[in-house]
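Residues per chain are reported as follows:
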Amino acid sequence: MQRYGNGLHTFFRERGQGLFVLLALLLIVSAGLIFSLAQPTPLNIANDKQTTAALAQAKDGLIARAVIDGNRPGSLPCPDTDDDGVAELFSGSNCPSYIGRLPWKTLGLPDLRDGSGERLWYMLSTRFRDHSAAEPINSDTKGNITVYSGSSSTVMTAEAVAVIFASGAVLGTQNRDPSTSALCPTTSTTIARNLCAANYLDSTGGVNNATTSGPFISAQRSNSFNDRLLVLTTSELIPPVEMRVARELRTILQNYKAVSACACYPWADFSDGYSDAPPYQLGGLNRGRVPALGASPENWGTGAIPPLPPWFLNNNWRWVIYYSAGRNFLQGGGATCTSCVNTTLSVDGVAGKEIVILTPGPAGASRPLGPPWSSTYWQSYLEDAQNNDDSNDLYVTPSSTAYTRDRIYTIP
């Protein structure tokens, strides 16, 4: 009996050691499996890189389109709602939908796909549509799309001009079959499943990305959310658009002087859109705004004088751009100029400038402070005290290095 008992003890001891080894191996394998699931695989890394690159290229394409647009600089095309890569035409004065696929053909882009092989989606602010009935686009225009970060308690921006979405792979009950149609929760219409945003874009934290007007959300990936978002904000779009506008205006002014009978620049405007110049005024102004409604001594588009592009007037660029001409380069050598202080304009202490143009950058929370004729008007637009002091002919290169800063353009 003792021998039998010793045998059982030996059996369980040996078996126990074997089970312990087996259990340890299982724990090691499980830990390795958990670790591998938690770490990105080479395939996931490659997919993320492709998605990131596609979103960035789409954003660059939108900015480029806004800058070069000949109709309304700063405007963007309607989304593509039938997945042919082409922006939809207007229905009346509105886009048929403000959410849809990125119109990659219209933007001159390749057929961009995210890491799961899906085409990108795109939401456009109504304020930046390319239609004459939309509000003017200039430095004061702000996007009106709200995007949250992580949860609805954290606002990433409330001024998005556009949002680009990478939808990722199918989740849950999403069905992207192009051969069948169903009621689409986004549009409340029956359309092909591959045209319905709800079959691509997800919800989290009580925010649904598959809506027609937002708000939208960027959040961590989960089993029920895998959208990737890239936001185009007002502060990113307005500066390059301003650069295009200022450079084109500078060229027009150079041509004006080259072909005008007086070999001079137009007198400045104070508030009504017309040059403040003799004989209609007691004297002439050399500082203020571009006289977009009527230039003196020769009006835009008369004889060889170049016209201002229609978009400059239609989008109220004259209100936000500061214009100054040196006395020596005005009609009659500026003999009747009542605002001139020096014979030329000075920048950073160096005289001899003929023209100074200042752009204000995108609007902040406090702009504008008053009506266009307020004595503090330029103080709410131009940051540097020397530039917003509209009583002399001395200017400085804007001190800020921020992307959203004021910018100065001169002739020569």
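Preceding block: the structure.
What counts and what doesn't
Counting restarts for each chain, with residues numbered from 1 along the sequence as it is written. With pLDDT at 70 or above as the cut-off, local features in this predicted model cover only qualifying residues; side-chain atom pairs require 80 or more to be listed or tallied, and sums for whole chains, interfaces and linings still use all residues. The basis for every side-chain value is the complete set of heavy atoms in the structure, and neither hydrogens nor water enter the calculation. Following DSSP output, two strands are said to pair if at least two bridges run between them. Each helix is a run of H or I in the DSSP string that is no shorter than four residues. Each strand is a run of E no shorter than two, and both are numbered from the N terminus. The contact definition used throughout considers only heavy atoms, calling two residues in contact when any of these lie within 4.5 Å. Orientation is described by lines fitted to C-alpha atoms, with helices fitted over the stretch in contact, and by angles between N-to-C directions that extend from 0 to 180 degrees. Exposure classes here rest on a 1.4 Å probe applied to the protein chains alone. A residue is buried below 20% of its type maximum, exposed above 50%, and partly exposed in between. Here the aromatic set is Phe, Tyr and Trp, taking the six-membered ring for Trp, and pairing holds for ring centres within 6.5 Å; pairs whose planes are under 30 degrees apart are stacked, those over 60 apart are edge-to-face, and all others are tilted.

## Description of the sheet that holds strand E17 (residues 407-411)
Two strands in a sheet stick together by hydrogen bonds in their backbones, pointing the same way (parallel) or opposite ways (antiparallel).
Part 1 of the reasoning: Read from one edge of the open sheet, four strands run E11-E12-E15-E17, paired in antiparallel fashion. Of all strands in the sheet, those with a lone pairing partner are strand E11 (287-288) and E17, marking the two edges.
Part 2 of the reasoning: Pairing analysis gives four bridges linking strand E12 (residues 322-325) to strand E15 (residues 355-359), with the strands arranged antiparallel. In the sheet register, Ser324 faces E15, and the bridge partner there is Val356.
Part 3 of the reasoning: Across the sheet, helix H3 (residues 234-259) lies against E12, E15 and E17, angled at about 15° from E17, the strand it touches most.

## Overview of the side chain of Asn388
Part 1 of the reasoning: Tracing the backbone shows Asn388 in helix H5 (residues 385-388).
Part 2 of the reasoning: The class for Asn388 is buried, based on a relative accessible area of 14%.
Part 3 of the reasoning: When neighbours within four sequence positions are excluded, Asn388 is seen to be in contact with Trp378, Gln379, Leu382 and Glu383.

## A look at the packing of aromatic side chains
Part 1 of the reasoning: Taken as a whole and judged by the stated rule, the model has nine aromatic pairs.
Part 2 of the reasoning: Plain terms: the ring middles of Phe165 and Phe216 are 5.3 Å apart, the flat faces sit at 70° to each other, and that makes the pair edge-to-face. Taken together, the residues span a long stretch of sequence, with Phe165 in strand E4 (residues 151-166) and Phe216 in strand E9 (residues 216-218) at a distance of 51 residues. Each member of the pair, Phe165 as well as Phe216, is classed as buried.

## Examining the pairing of E15
Part 1 of the reasoning: Summarising burial for E15: five of the five residues are buried, a large majority.
Part 2 of the reasoning: With five bridges joining them, E15 and E17 adopt antiparallel strand pairing. Among the inter-strand pairings, Val356 is bridged to a residue of E17, identified as Thr410.

## Section: the environment of Ser149
Part 1 of the reasoning: Within the secondary structure layout, Ser149 lies in strand E3 (residues 145-149).
Part 2 of the reasoning: Given the relative accessible area of 33%, Ser149 is considered partly exposed.
Part 3 of the reasoning: Separated by 67 residues in the primary sequence, Ser149 and Phe216 place their C-alpha atoms 8.8 Å from one another.
Part 4 of the reasoning: Setting aside residues no more than four positions away along its own chain, Ser149 makes contact with Thr154, Met156 and Ser218.

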